[in-house]
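Close look at the chain arrangement
So the chains spell out like this:
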Amino acid sequence: MKKITQFLFVALAMVFSTSVLAQSTVTGTIMDSELNAPLFGANIVVKGTTKGAIADFDGKFTLTTDLASGEIVISYIGYISQTLAFNGDTDLGTITLKSSEVGLDEIMIVASVAVDRKTPVAVSTIKSEDIALKLSTQEFPEILKSTPGVYATRAGGGYGDGRVNLRGFDSNNIAVMINGVPVNDMENGRVYWSNWAGLGDVTSTMQVQRGLGASKVAVSSVGGTINIITKTTDAVQGGNVMTSIANDGYLKYGMTYSTGLNDKGFAATVSASKISGDGYVDGTEFSGYNYFLSLSQQLSDAHRLSFTAFGAQQEHGQRFNRSTITELKETDSGPQKANKDWGYKNGEVYHQSFNFYHKPQMSINHLWNINDSSALSTALYASFGSGGGRRDEGSKIGSADYRIGTSGLQPIDFDKIVAENQANGVNGSSDIISSSRNSHEWYGILSTYKNTINDKLTISGGFDGRYYIGSHWYQVDDLLGGQFFLDNETDTFAFGKPLTVGDRYNKDYDGIVVRYGLFGQAEYQVNEKLNLFVAGDISNTTYQQKEYMNSEIVGSRESDKVNFAGFGIKGGGNYNLDTNNNLFVNVGYFSKAPFLDAVFLDEDGIDANKEAENEKVFSAELGYGYRSEKLSANVNVYYTKWLDKTYAGSIPTGDDIFFYNLLGIDALHQGIEVDFRYKATDNLTLTGMASLGDWQWKSNVSALVRDQAGEQVGDPIEVFADGIKVGDAAQTTFAIGADYQLAQKSNIYIDYNFAGDNYASYDVTNRGSNDLPDVWKLPDFGIFDIGLRHSFNMGSFETTLIGKVNNAFNTEYVSDANDLDGTASTAQVYFGPGRTYSVGLKVNF
């Protein structure tokens, strides 16, 4: 018996020791092959098991397994997976993952993506998986709402009508680029997000570079840069089908397919989707389709050519006109949904405010790898837009007497207006529906040369050229039962003529913009700790206006060409104190041309504003970063002085229009931003940010008022703006979030976003007295979003199910407001949306 006991003891000891000896620890660091940046969140799994790990902020991982040898699979969305062998304790060193997209190299050269702990700018990066998880039915800019310095809303609540402000600057003064190509309107700088409604489906990475940024274009931005990198062409064959449903009849479905890279170096990816719904806000029904095509051909070892085309054709009802808080709360629909810009005609919904547009964008990218150290990337692009927004003429549509009900916010009774127009007979229509039509042609070239001179010095430079012509006119769309309409604009050839459907009136002109410039940058890696850069650009902007509506001339007349030279210079450096801490600083100054509407104040005129001059911007920023296995954190302090901001406009007075051009209006935007990501446990990640801004106008100015002939009339306009807060965006924001991994491919998250110190927008030219009250400040608010993602195999197909609830507690809040007299009672507002939900399913094949 004793021998048997001894034998069992020895056997158990051998089994135990074998188990202990069989344990292996595998370590390594996972990096992006192009940017040499760590891939935080990369998945590492022991092949054939569920045992895995996730790379930390530095891309490092440690994986312990009971196997003595085997293989691990390393994967990250948007990258080609790698399978590596291990035998016992193994340090795999640095593992570089290549993008799964062919043709990304040339885009990355043009697009100026910032590199962590190297590029000295304040930057936030949103990956495609975060967009897929959190975007849901939100407007595309809303995916940025947890980013420092960002305030994003749905504005009126119509499909694609969202807006975004960055450090207090609206989209006119934020550079928005898709694959390095600028998309801000060439005439006024605005970004119309409805034109890019399908971006959420095809975005690979989105970077927000706050402040000066690192963009390689010849004209710098004031507030920062939103850099959107779309998918290119997948190197691996496959695709997916997807569908999602949401509140208020929302339905979306689509598919993506990639051929993969064949032996001849060709690859293609195509994506398309259809979307429709009733809209959360009353009268904002929408429909549209999105498409994306990418083709890539490796011509030789040194040359690759790619073609990309994408766009979104859409139409949607809008909530254009704002109302007071009291008016909105007295409606049956409630303040979040109420909308006075729609009604019924012949028993069907009919819109007073309605948008329809299609703006496809196409580009051809050529990458020439000249040698091992230099490359030339050139993008030729074109965009053709057509569509418009509905308008109305007459006084009945906006009157409470023509509503279905007693309130001025009840639906419009279009049938009553139709009946009265029919009764007018030969006197024509008193009220009609028209549209403000806008079409454009835009051609451009962006070419960038990059040369790695040696291990320390890299230079780049190039050419940015753009040609744009935008055509704008009013057009009669619906006579609402009448026989014709008489235009009351006395200075146009349409005056007094019976207009019918399709006729143009009120305005008809072309805005022409030609912009070209050179840019250059040098980056010097002094040592492993210090990286310096300097960049500069020069540009010229030419404006011209051609007018077709003047009553005295048959045909067209055109203005002289007006030129504005611009320049910019910026520099900075990043210093890595050690493996965890880094500091950066950047400073810059630039002078940029005013927008076209500040040069030609009269849409019907061809006389340029002789007082128009360049805007100037000085900006400086200091930043600190911390990176460790568990924590990633950033602190940024910024100071931006906006000098000689363009502020020109018109004053209708009877049959005449007078114009003014305010010079010397300055603004100061300064603040501090903090953001962090903390991996509390293997399954729990916490995120947060806080942004404290102080944005004020800093000058009192005056301007002469002139008539259309340029002669001074009346007294000058006086503006007392010094010390007044800049409006239209929350100056204090913070966010906190938690993401918990329930299983290897399942997670749940909750986010809280707060907005405060939000001053209403206002016309600074109305500040004509020192005795005016302060601008109305919107009530602070905070909202919760909750989401769940679960991935599983449906047969041989990987499937992902995503559910999301926005504004989970149905918080009622004002998101946008126009100030009239500093009080809440008169402010014209939009309420943000209440609780919304969505459920989406994607099946990969």
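Since the model is a prediction, treat every value here as computed from it, not as a measurement.

What counts, and at which threshold
Numbering of residues starts from 1 in every chain and runs along the sequence as written. With pLDDT at 70 or above as the cut-off, local features in this predicted model cover only qualifying residues; side-chain atom pairs require 80 or more to be listed or tallied, and sums for whole chains, interfaces and linings still use all residues. Only hydrogens and water are set aside; all other atoms, that is, all heavy atoms of the structure, feed into the side-chain values. Comment: elements are numbered from the N terminus, with helices defined as DSSP H or I runs of at least four residues and strands as E runs of at least two. Values of the radius of gyration come from C-alpha atoms, whereas the globule rule sets the reference at 2.2 Å times the count of residues to the power 0.38. Contacts are assigned to residue pairs with any non-hydrogen atoms lying within 4.5 Å of each other. Under the scheme applied here, a residue whose accessible area is under 20% of the maximum for its type counts as buried, over 50% as exposed, and between as partly exposed, the area being computed with a 1.4 Å probe on protein chains only. Note: the arc covers the axis-to-C-beta directions of the helix. One speaks of a salt bridge when a side-chain nitrogen belonging to Lys or Arg is within 4 Å of a carboxyl oxygen belonging to Asp or Glu. The rule for pairing is simple: two strands pair if DSSP sees at least two bridges between them. Axis definition: a line fitted to C-alpha atoms, over the contacting stretch in the case of helices. Angles run 0 to 180 degrees between N-to-C directions. Like-charged residues within 9 Å of one another, or nonpolar side chains (Val, Leu, Ile, Met, Phe, Trp, Tyr) within 5 Å, are grouped into patches, provided each residue has over 30% relative accessible area and no salt bridge. Only the protein chains shown count as cover for residues, and all accessible areas are computed by the Shrake-Rupley method using a 1.4 Å probe. Each pair of aromatic rings taken from Phe, Tyr and Trp, with Trp reduced to its six-membered ring, is defined by centres within 6.5 Å and is described as stacked if the planes are under 30 degrees apart, edge-to-face if over 60, and tilted in the remaining cases. Charge-over-ring placement is defined geometrically: NZ (Lys) or CZ (Arg) within 6 Å of the ring centre, and within 35 degrees of the ring normal. We call a set of buried Ala, Val, Leu, Ile, Met, Phe, Trp, Tyr and Cys residues a nonpolar core when their side-chain atoms join them within 4.5 Å.

1. Some points on the overall build of the protein
- Looking only at helices and strands, the protein features seven helices and 53 strands.
- The C-alpha atoms of the protein give 29 Å as radius of gyration, which agrees with the globular expectation for 845 residues (28 Å, within 12%).
- Counting only C-alpha atoms and orienting by the principal axes, one finds that the protein spans roughly 120 × 60 × 60 Å.
- Long-range pairs, those at least 24 residues apart, make up 67% of the contacts in the protein between residues at least 6 apart in sequence.

2. Remarks on helix α6 (residues 414-424)
- Restricting attention to buried positions, one finds in α6 the residues Phe-414, Ile-417, Val-418 and Asn-421. The arc that holds the buried residues of α6, viewed along the axis, is 100 degrees, so those residues lie on one side.
- Contact partners of the buried residues in α6: β22 (342-345), β23 (348-351), β27 (412-413) and β28 (432-452).
- Of the residues flanking the end of α6, it is Gly-425, one or two places downstream, whose phi is positive at about 60 degrees.

3. Considerations on the pattern of salt bridges
- Enumeration over the complete set of coordinates arrives at 26 salt bridges.
- Its salt-bridge partner being Asp-785, residue Lys-145 comes within 2.7 Å of it at the nearest N-O pair. Taken together, the residues Lys-145 in the loop between α3 (128-134) and β10 (150-153) and Asp-785 in strand β49 (residues 781-794) connect sequence positions 640 residues apart.
- Classification of Lys-145 by relative accessible area gives buried; the value is 17%.
- Put simply, Arg-504 and Asp-508 hold a salt bridge, and the shortest N to O gap is 3.2 Å.
- Taken together, the shared-partner salt bridges connect Arg-167, Arg-210, Glu-621 and Glu-673 into one network.

4. Section: the sheet that holds β23
- Spatial ordering of the open sheet is given by β23-β22-β27, a layout of three strands whose pairing is mixed. Here the strands that pair on one side only, and so sit at the sheet edges, are β23 and β27.
- Note that β22 and β23 share four bridges and pair antiparallel. Across the sheet, residue Lys-345 finds its bridge partner in β23, namely Glu-348.
- Against the sheet, α6 contacts β22, β23 and β27, and its axis sits at roughly 60 degrees relative to β22.

5. Focus on a nonpolar patch on the surface
- Together, Ile-245, Leu-251, Tyr-253, Leu-801, Tyr-837, Val-839 and Leu-841 give the surface a local cluster of nonpolar side chains, amounting to about 600 Å² of exposed area.
- Where the nonpolar patch is concerned, the elements lending two or more residues are β18 (250-258) and β53 (836-844).
- At three residues, the largest contribution of residues to the nonpolar patch is made by β53.

6. Considerations on the packing of aromatic side chains
- Following the criterion strictly, the structure yields 23 aromatic pairs and no others.
- With a centroid separation of 6.4 Å and 10 degrees between ring planes, the pair formed by Tyr-257 and Phe-845 is classed as stacked. Taken as a pair, Tyr-257 in strand β18 and Phe-845 in the segment after β53 lie far apart in primary sequence, 588 residues in all.
- Overall, the relative accessible area of 40% leaves Phe-845 in the partly exposed class.
- Aromatic pair Phe-784 and Phe-809: ring centres 5.3 Å apart, planes at 90 degrees, arrangement edge-to-face. Highlighted residues: Phe-784 in strand β49 and Phe-809 in the loop between β50 (797-806) and β51 (814-818), separated in sequence by 25 residues.
- Residue class for Phe-809 comes out exposed when judged on its relative accessible area of 57%.
- These aromatic residues form a ring-pair network of at least three members: Phe-734, Tyr-752, Phe-754, Phe-784 and Phe-809.
- Here the guanidinium or amino end of Arg-391 rests over the ring plane of Phe-320, the centre of that ring lying 5.8 Å away.
- Of note, Arg-504 hangs over the ring of Trp-473, and the distance from its end group to the ring centre comes to 3.8 Å.

7. Here's the deal with the side chain of Asn-451
- Examined against the element boundaries, Asn-451 turns out to sit in strand β28.
- Judged by relative accessible area, which is 14%, Asn-451 ranks as buried.
- Excluding residues that lie within four positions of it along the chain, Asn-451 makes contacts with Ser-373, Ser-374, Leu-457, Thr-458 and Ile-459.

8. Some words on the pairing of strand β32 (residues 504-525)
- Two strands pair when backbone bridges link them, and strand β29 (residues 457-478) and β32 are joined in this way by 19 bridges, in the antiparallel orientation. By the bridge assignment for β32, Gln-475 is matched with Arg-504.
- Sheet topology places β32 next to strand β33 (residues 530-547); 17 bridges connect them, and they run antiparallel. Across the sheet, the residue bridging to Glu-523 is Phe-533, located in β33.
- What sits between the antiparallel neighbours β32 and β33 is a turn of four residues.

9. Topic: the pairing of β53
- With seven bridges joining them, strand β17 (residues 238-246) and β53 adopt antiparallel strand pairing. Within β53, the residue paired with Thr-243 across the bridge is Leu-841.
- Sheet topology places β50 next to β53; eight bridges connect them, and they run antiparallel. Residue pairing for β53: Thr-800 is matched across the bridge by Lys-842.

10. Quick look at the sheet that holds strand β7 (residues 90-97)
- Spatially, the three strands line up as an open sheet ordered β4-β1-β7, and their pairing is mixed. Looking at the sheet topology across the chains shown, the edges are occupied by β4 (60-65) and β7. Geometrically, the sheet is characterised by an average inter-axis angle of 25 degrees between neighbouring strands, direction not taken into account.

11. Comments concerning the nonpolar core
- Residues Leu-662, Trp-697, Val-764, Trp-776 and Val-829 are the most contacted members of the largest nonpolar core, which totals 45 residues.
- Sequence-distant contacts of Val-764, that is, excluding residues within four places in its chain, are made with Tyr-647, Ile-665, Trp-697, Val-719 and Ala-721.
- Formed by 25 residues, the second largest nonpolar core is a distinct cluster that contains Leu-135, Val-183, Trp-193 and Trp-196.

12. Here we look at the environment of Glu-629
- As for its position among the elements, Glu-629 is in the loop between β37 (615-627) and β38 (631-643).
- A relative accessible area of 54% means that Glu-629 is categorised as exposed.
- Along the sequence, Glu-629 and Asp-56 sit 573 residues apart, while their C-alpha atoms lie 5.5 Å from each other.
- Leave out the neighbours within four places in its chain, and Glu-629 touches Asp-56 and Phe-57.

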